[in-house]
Amino acid sequence: MTQHTHSIPDQPAAPHIDFDWDDIYRGDGSDTAAPDALLLAPSESLTPGRALDLGCGAGGNALALAERGWRVTGVDISPRAITSARTTACARGLDDRIELAVADSATWRPETTHGFVLSSYALPPRGPARTATLTTLAAALAPGAVLALGEWDEEACDWGKPGDLATLDELTEAFTGLGLQIVRAERRQVSVHQHPGHEQEPAEDHAVIVIARRPHDTLETTD
């Protein structure tokens with residue numbers, strides 16, 4: 001197809017760390033990865049509606065959700081990643097089900113709430129940008145909606161600068177403080193996506209996985 005996907009106006013984006021995310025993407029669709037079955041599993045019990053993939057990369061998870069009937073918003077800081085996602089969306093005939101934007105997760109804000117929200121190894125380093133991103137993830141959830149987040153485990157991985165990765169306690173405490181209910185929180189080994197031209201070991205690494213839910217509004221009673 002020659003049509004472009006629906007686009008959200010791009011916003012100025014400053015890299016979270018001293019790393020250019022465009023360096024790991026080709027921008028031609030070849031780096032759109034297979035979907036992450038572990039992080040997408042919580043969506044399978046939900047009725048498809050609006051979904052948000054904040055830090056969507058080249059769109060593997062966002063496109064999988066679109067194929068399952070969701071209307072998806074995908075946001076990433078890398079212009080090449082978004083170009084890849086758009087290219088693959090058009091090739092798969094999904095351009096009418098996905099909106100894509102180049103934006104920084106620390107400053108981007110959703111225009112509506114969503115039934116499913118995803119963050120796949122995309123958090124900025126610990127500090128104000130991470131706090132803002134976690135707040136946005138929580139705020140994007142409609143009542144009863146589900147959040148799935150995966151991040152690299154600071155307590156188990158042997159790479160990264162202090163604060164680049166995350167701990168399970170940090171994430172569960174943050175989301176509880178933002179009013180979410182923790183459905184599942186675990187540490188486990190997961191496969192590492194190998195970007196074309198940037199293949200490197202290990203094939204697996206240590207992650208923290210958090211599944212959380214926005215409670216339905218309840219009526220408060222007074223005596």
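Residues numbered from 1 in each chain as written. Predicted model: local features only at pLDDT ≥ 70, side-chain atom pairs only at ≥ 80, totals over all residues. Heavy atoms only, no water.

Asks: Could you clarify how one ought to interpret the overall build of the chain in this entry?
Replies: A tally of regular secondary structure across the chain gives five helices and eight strands. Going through the 223 residues of the chain one by one, you find that 49% of them count as buried. By sequence separation, contacts in the chain at least 24 residues apart represent 75% of the contacts at least 6 residues apart. Surface accessibility of the chain: about 10900 Å² in total, with carbon and sulfur atoms responsible for 50%. (Helix = DSSP H or I, 4+ residues; strand = E, 2+ residues; numbered from the N terminus. Buried < 20%, exposed > 50% of the residue type's maximum accessible area, 1.4 Å probe, protein only. Contact = heavy atoms within 4.5 Å. Areas by Shrake-Rupley, 256 points an atom, 1.4 Å probe, with all protein chains shown as cover.)

Asks: What exactly am I supposed to notice about the side chain of T167 here?
Replies: Relative to the helices and strands, T167 is located in the loop between β6 (141-152) and α5 (168-177). Its relative accessible area of 12% is what places T167 among the buried residues. Separated by 3.1 Å, the side chain of T167 and the backbone nitrogen of E170 make a polar contact. For T167, the residues in contact, after removing those within four places along its chain, are R126, E154, E155 and V208. (Polar contact = N/O pair within 3.5 Å; in protein donor to acceptor, adjacent residues only side chain to side chain.)

Asks: Can you walk me through the packing of aromatic side chains in this structure?
Replies: Taken as a whole and assessed by the stated rule, the structure comprises three aromatic pairs. Look at W70 and F116: their rings are 6.1 Å apart centre to centre, the planes differ by 50 degrees, and that puts the pair in the tilted class. Note that W70 is positioned in the loop between α2 (60-67) and β3 (71-76) and F116 in strand β5 (residues 114-120), a separation of 46 residues in sequence. Like W70, the residue F116 is buried in the burial classification. Through successive ring pairs, a cluster of aromatic residues spans Y121, W152 and W159. (Phe/Tyr/Trp six-rings, centres within 6.5 Å; stacked < 30°, edge-to-face > 60°.)

Asks: Would you take a moment to explain the confidence of the model for the chain for this structure?
Replies: When pLDDT drops low, the exact placement of atoms in the prediction is not to be read closely. When pLDDT is averaged across the chain, the result is 86; 83% of the residues are at 70 or more. The low-confidence segment residues 1-17, where pLDDT is below 50, has 46 contacts with residues more than four positions distant or belonging to other chains. Counting contacts from residues 218-223, a segment whose pLDDT is below 50, to residues more than four positions away or on other chains yields zero contacts. (pLDDT = per-residue confidence, 0-100.)

Asks: Could you clarify how one ought to interpret the packing of helix α4 (residues 128-139) against α5 in this entry?
Replies: To characterise two packed helices, one gives the angle between the axes of the helices and the distance between these axes. It is at 10 Å that the axes of α4 and α5 come closest, and there the two elements cross at 55 degrees. If you check the angle between α4 and α5, you find them oblique. Between α4 and α5 lies a crossing whose hand is right-handed. Counted together, R130, L134 and L137 of α4 and E170, L171, A174 and F175 of α5 form the full contact between these two elements. When its residues are assigned to classes, the contact of α4 with α5 shows five nonpolar, no polar and two charged. (Axes fitted to C-alpha atoms, helices over the stretch in contact; angles between N-to-C directions. Parallel < 35°, antiparallel > 145°, perpendicular 65-115°, else oblique. Left-handed = near helix turned anticlockwise from the far one by under 90°. Nonpolar A, V, L, I, M, F, W, Y, C, P; charged D, E, K, R; others polar.)

Asks: Could you clarify how one ought to interpret the pairing of strand β4 (residues 98-102) in this entry?
Replies: Consecutive residues of a regular strand have side chains that alternate between opposite faces of the sheet. Within β4, four of the five residues are buried, which leaves it mostly tucked inside the rest of the structure. Pairing of β3 with β4 involves five bridges; the strand directions are parallel. Of the residues in β4, the one forming a bridge with D76 is V102. (Pairing = 2+ DSSP bridges.)

Asks: Looking at this structure, I do not really get the nonpolar core. What am I missing?
Replies: A general trend in soluble globular proteins is that nonpolar side chains are found buried together. Counting 31 residues, the largest nonpolar core has L65, W70, V72, I98, F116, Y121 and W152 as its most contacted members. For this core, the elements supplying multiple residues, two or more each, are α1 (37-40), α2, α3 (79-91), β4, β5, β6 and β8 (204-213). Here this core takes five residues from α2, the largest share from any one element. Aside from chain neighbours lying at most four places away, what touches W152 is Y121, C157, W159, L165, A166, V190, S191, V192, D205, H206 and A207. By size, the runner-up hydrophobic cluster in this structure holds 24 residues, among which are L141, A142, L147 and V208. (Core = buried A, V, L, I, M, F, W, Y, C linked by side-chain atoms within 4.5 Å.)

Asks: Looking at this structure, I do not really get the pattern of salt bridges. What am I missing?
Replies: Two side chains that carry opposite charge are able to pair once their charged atoms sit near each other. A full pass over the atoms with the stated rule returns eight salt bridges. The partner of E170 in a salt bridge is R126, with the nearest N and O atoms 2.9 Å apart. Within this pair, whereas E170 is found in helix α5, its partner R126 is found in the loop between β5 and α4, the two being separated by 44 residues in sequence. Classification of E170 by relative accessible area gives buried; the value is 17%. For R184, the salt bridge identified is with E186, shortest N-O distance 3.1 Å. Note on E186: relative accessible area 21%, which makes it partly exposed. What you see here is one network of salt bridges that share partners, running through R126, R130, E154 and E170. (Salt bridge = Lys/Arg side-chain N within 4 Å of Asp/Glu carboxyl O.)

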